[in-house]
Every structure is written in C-alpha cells, then in structure tokens.
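Residue-level listing of the chains:
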Amino acid sequence: MRKIRVSVIAIGFMFAALSLIFFPPVVQAQDVIKIGALFPVSGYYARMGQDALAGVEVARFLKNEKGGLFGKKIEFVTGDAVDAKAAQTEAEKMITMEKVKLIIGSYATVMAMPASAVAEQNGVIYWETGSVVDKLTQRGFKYLFRCLPTIGKPGYVDIPIRFFADYAPKLGIKVTDLRVAICSENSGAGRQICESTKKFAEQYGMKIVAYELYDQSIKDLGPVILKLKAAKPDALLLQAFINDAILFTRQSKEYDFNVKMFSGVGSGHNMQDFVNAVGNAADGIVTGGWPSFNTNPAYAKGMKEFLDGHQRRYGKPVQSAHTVGSYNGAWILFNDVLPRAGSLDPEAVRKAALATNIPAGGTPIGWGAKFAENGDIVGAQLFMNQWQGGKLYTAWPEAAVYPGVKIILPYPTWADRAKKK
C-alpha cells in the first residue's frame, strides 16, 4: 500500500507539472499596466495628498471603464510619501521591487524633489501633478514632466494680482494706489510665492505695504494679523495650508482685520474643509488655483465626466479643487501621451510627451497642453475661485464663470457680516 500511495502522489505531481506547461495560470501582472502613484496619505500633508491621489484615481477608474491602456487595465502601485525620506524610499521600492516604469505624484515639492531624482537615476518617467516650485524642473532631468504652471512664471501667482488689477477700479481704487499686503507660511514654496507675488504686484505699480512670513506650525497668528492691520492694506494675498487658513480667518474676526479684497493662493483656501470650519466667513474670499467644480461647462467640457466619475468611485462629491487638478494631469497622461507612446517604455513616453499638442479647450478643465524640453507645461494659467454660500465658484477668467454667478466685492467686513445674522 505504501508503494501505491507513493506512485499516486508521483503521478499527481506529474499531471500538475504538465498542466503548468500546457495550461499556465493566469498571472495578474500580465493583465495589468502597473503605474506608481506616490502621494502623502498620512502625516502633515495627508489631507491635500489624499485629495490629489483621488484625482489620479478617478482618471484611472474612468480609463479602465473604457478598456484601459494597450488592452490592459491600469493598476496603481501606491506609496505613502509622508515626507522627503519616505518619498525617496517609496520611489526606490516601486522601481526596484515592483518594476514600475512610470510614477505619478506627488502634491508637494518636498516629496517631488527626491522622488523625481530617484526616477531620473533609474530612467523612469516621473509625472508631476502638484509641485509648483521652479527648481523642480531646473535640474536638467530627461524623464520629468509637470502638468501645472510654476511660481516664477506667468500663469500662477500673477493670476491673483491680475484679478486685483481688474477689480480695483470697480472699487474706486486706481491700480497704482492699491495697497497690498503679502503673507505666507514659510515653506520653500511659500517664500517663493511671496517673492514672485511681490514682483508681479510691483510690475503693476501696486504699493506693497506689508510682507509677513510665519512658521507652518504656528498656533497664534494674532501678532502677524496686528502687523497687517497696522499697514492698512486694501488687498491681502495669503498663501496658507488648511490649518493656518482656518486659524487666520478666525483670528482676523477676533482682531477685526478687514480688507476690500482677499485672495488665498495656497491649498488651504481651496478645500471644502476650510468653509466647513469657518462657515460664511469664507464668503467673498477669492483663491487662486485649480478651477472649482462649479465652472462653466462650456469652458471646462470634461468637468461633468470627472464629477460623475468621482461620485461613482467614491460615493461622495469632490472635496477639493486639488482633486480636479490632479485628475487633469492624469487625464493628459492616460488619454493623450500614453496612447501615442504605445507602451510604458520611458523613451517612447518622453517622445510622446514632447510631441503633445492639445489645443485650448481640449483638456477636462479647458486648458490646452504642450510640454517644453525641460518638462514644464507651456501656456497654462490657473484660475480664480470665490466662496459664495458654502460653495466654491470659478470667478476668473470670465469665460469660465458659471452662468448667473456674480462676484462678491468688496470682501465683507466683520461688522457687515454681523448685521446679516
């Protein structure tokens, strides 16, 4: 009996071996296109990073519904870029262990710098949808592409200044008489935003009456607000993340700090979390950045598909304009660049990206798309949005304004808000 059992076992192994030869198992990796998705989903930048990741996920979700890429479904290999070190480590892991040939990320420059350096060293495409600091694409990298304007060039921080210039006369103020205060958290991006804002404001002849930086982790903005109040500005431009944006608004009320025009330019004022925290104190704040979800559909022809896709994928409305921006960058990659590249081969992708020529109005948010040799997108400019009644509406350019929306100006004083209660 023992010999028979051994024989049966041997025969079983033989059939198993033959079945592997003639009927190989379906290997999931052969049926998917693996792409790295590197965003901060925990830690200090988690809230914004999660929103940015949601944008590229919706692009993946919708593309897979239409058959994916090269007849295969797109699968993300995700990594948590909680800080610079983690971004570097996660990028290395994606490339060496998961064998990805393309990484999309990463929301913040502090993560994008080391992660893109790892990608470049390994000949892997790095597709950036969030970092705005100029130096990212000034390193001579071959495989780095960025899908949004940069701080130091027209199209980013000059947009709030252009908005101020357009609307100051409607408030009875000459542009050259407009008193502007500039304030920011003191990250590398924050400092560069302030310097560039000052440069553009001076080009318009505006008067810079205050220039204040504060630590990102600040718990009391009272002293900063008092300095700004003493300068008596007509307009304020504030670069802030979500926590300091909320704190600034609450303490501005406490110190009765009023301006006629108030523009945010960072992530904080673009998020639903902001208005949820401060309520109608947000009404009238304009903010530069990605377009709001309430954009004229004749201008942003792909917005409806994005919003519907987000609702089906997550079962809830979009929470941040950063989701819109990341989606737009991923859409360009999935629907234009990679289909023309024909594969994830980095040389083919680079060649296809440099040949991109999407006309104005051709992307979901209404942009066109071309890339310079250094990987920066060419000719794109951000939007101005305004909070009204708990919703964010696109306020500039005029062609993108939702039908029937009227801009609130001047920014209501705290006394005026109290009267309306």
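These figures come from a predicted structure and were not determined experimentally.

**Q** Go over the overall build of the protein chain, please, and point to the residues and values.
**A** Within the protein chain, the regular secondary structure consists of 13 helices and 12 strands. Residues classed as buried in the protein chain amount to 57% of the 421 residues present. Counted over contacts in the protein chain with a minimum sequence separation of 6, partners at least 24 positions apart contribute 68%. Per element, the accessible surface of the protein chain, about 17,900 Å² overall, is 56% carbon and sulfur. For the protein chain, the distance from the average site of its 49 positive side-chain charges to the average site of its 37 negative ones is 4 Å.

**Q** Outline the pairing of strand β8 (residues 235-239), supporting the account with residue identities and numerical values.
**A** Most of β8 sits out of view: 5 of its 5 residues are buried. The alternating pattern of β8 places A235, L237 and Q239 and L236 and L238 on opposite faces, both of which are buried. Inspection of the sheet shows strand β6 (residues 179-185) paired to β8 by 5 bridges, in the parallel sense. Among the inter-strand pairings, A181 is bridged to a residue of β8, identified as L236. The pairing of β8 with strand β9 (residues 261-264) spans 4 bridges and is parallel. Counted as the bridge partner of A235 is M261 from β9. Once the chain exits β8 it traverses helix α8 (residues 242-254) before rejoining the sheet at β9, and the crossover so formed is right-handed.

**Q** Can you tell me about the pattern of salt bridges, naming the residues and giving the values?
**A** Within the structure shown, the criterion is met by 17 salt bridges. With a shortest N-O distance of 2.7 Å, R313 and E57 are connected by a salt bridge. Linking R313 in helix α10 (residues 303-314) with E57 in helix α2 (residues 46-65), this pair joins segments that are 256 residues apart in sequence. For R313, a relative accessible area of 33% puts it in the partly exposed group. Residue class for E57 comes out buried when judged on its relative accessible area of 8%. The partner of D177 in a salt bridge is K207, with the nearest N and O atoms 3.7 Å apart. With D177 in the loop between α5 (158-167) and β6 and K207 in strand β7 (residues 207-214), this pair connects stretches of sequence that are 30 residues apart. Look at the salt bridges and you will find they share partners, linking R47, D51 and D273 into a network.

**Q** Can you lay out the environment of G264 for me, pointing to particular residues and giving the numbers?
**A** If you trace the backbone, G264 turns up in strand β9. For the pair G264 and L237, spaced 27 residues apart in the sequence, the C-alpha separation amounts to 5.8 Å. For G264, the contacting residues outside a window of four places in its chain are L238, H269, I285, V286, T287 and G288.

**Q** Lay out the packing of helix α7 (residues 222-231) against α8 with the relevant residues and their values.
**A** The interhelical angle for the contact between α7 and α8, taken along N-to-C directions, is 60°, at an axis separation of 10 Å. Judged by the inter-axis angle, α7 sits oblique to α8. With respect to the hand of their crossing, α7 and α8 are arranged in right-handed fashion. Contacts from G222, I225 and L228 in α7 reach F248, Q251 and S252 in α8. In terms of residue class, the contact of α7 with α8 is built from 3 nonpolar, 3 polar and no charged.

**Q** Could you give an account of the sheet that holds strand β11 (residues 383-388), naming the residues involved and the relevant values?
**A** As summarised here, the arrangement of the 7 strands in space is β7-β6-β8-β9-β10-β11-β12, forming an open sheet in which the pairing is mixed. Of all the strands in the sheet, just β7 and β12 (391-396) have a single pairing partner and so form its edges. Put simply, the sheet's adjacent strands are angled 25° from each other on average, direction ignored. Pairing geometry for strand β10 (residues 286-289) and β11, over 4 bridges, is antiparallel. Residue pairing for β11: T287 is matched across the bridge by N385. Against the sheet, α5 makes contact with β8, β9, β10, β11 and β12, and its axis sits at roughly 75° relative to β12, the strand it touches most. Relative to β7, helix α6 (residues 188-203) is tilted by about 180°, and along the sheet it contacts β6, β7 and β8.

**Q** Which residues make up the environment of N122, and what values do they have?
**A** Note on placement: N122 falls in the loop between α4 (109-121) and β4 (125-128). Expressed as a C-alpha distance, the spacing of N122 and I95, which sit 27 residues apart in the sequence, is 7.7 Å. Polar contacts involving the side chain of N122 include one to the main-chain carbonyl oxygen of V118, which spans 2.8 Å.

**Q** Quick rundown of helix α3 (residues 84-96)? Include the residues and the values.
**A** Each full turn of the α-helix corresponds to 3.6 residues, which orients residues three or four apart in the same direction. The end-to-end C-alpha distance of α3, which contains 13 residues, comes to 18 Å, matching closely the 18 Å that a straight helix rising 1.5 Å per residue would cover. Listing the buried residues of α3 in full gives A86, A87, E90, A91, M94 and I95. Down the axis, α3 shows its buried residues gathered within 160° of arc, on one side only. Looking at the packing, one finds that the buried side of α3 touches β1 (32-39), β2 (73-80), β3 (102-105) and α4. Structurally, the start of α3 carries an N-cap: the backbone nitrogen of K85 is 3.3 Å from a side-chain oxygen of D83.

**Q** Report on the pairing of β9, specifying residues and quantitative values.
**A** Residues M261 and S263 point to one face of β9 and F262 and G264 to the other, with burial holding for every one of them. Summarising the sheet, β9 and β10 pair through 2 bridges and their orientation is parallel. Across the sheet, residue G264 finds its bridge partner in β10, namely T287. Regarding the hand of the β-α-β motif, the stretch spanning β9, helix α9 (residues 272-278) and β10 is right-handed.

**Q** Please provide a residue-by-residue account of unusual backbone geometry, values included.
**A** Backbone torsion omega between W396 and P397 reads 5°, so that peptide bond is classified as cis. Among the secondary structure elements, P397 is positioned in the loop between β12 and α13 (414-420). Cis geometry marks the peptide bond from L409 to P410, where omega comes out at -5°. Assignment of secondary structure puts P410 in the loop between β12 and α13. With a phi angle near 60°, K99 is a residue other than glycine that sits in the positive phi range. With respect to the helices and strands, the residue K99 is situated in the loop between α3 and β3. Exposure remark for K99: the relative accessible area of 57% places this residue in the exposed category. For D256, which is not glycine, the phi dihedral falls at a positive 50°. Assignment of secondary structure puts D256 in the loop between α8 and β9. Take D256: its relative accessible area is 39%, and that puts it in the partly exposed class.

Reading the values: rules and limits
Residues numbered from 1 in each chain as written. Predicted model: local features only at pLDDT ≥ 70, side-chain atom pairs only at ≥ 80, totals over all residues. Heavy atoms only, no water. Helix = DSSP H or I, 4+ residues; strand = E, 2+ residues; numbered from the N terminus. Buried < 20%, exposed > 50% of the residue type's maximum accessible area, 1.4 Å probe, protein only. Contact = heavy atoms within 4.5 Å. Areas by Shrake-Rupley, 256 points an atom, 1.4 Å probe, with all protein chains shown as cover. Lys, Arg positive; Asp, Glu negative; His and termini not counted. Charge placed at Lys NZ, Arg CZ, Asp CG, Glu CD. Pairing = 2+ DSSP bridges. Right-handed = clockwise from strand over helix to strand, strands pointing away. Salt bridge = Lys/Arg side-chain N within 4 Å of Asp/Glu carboxyl O. Axes fitted to C-alpha atoms, helices over the stretch in contact; angles between N-to-C directions. Parallel < 35°, antiparallel > 145°, perpendicular 65-115°, else oblique. Left-handed = near helix turned anticlockwise from the far one by under 90°. Nonpolar A, V, L, I, M, F, W, Y, C, P; charged D, E, K, R; others polar. Polar contact = N/O pair within 3.5 Å; in protein donor to acceptor, adjacent residues only side chain to side chain. Expected span 1.5 Å × (residues − 1). Arc of directions from axis to C-beta.

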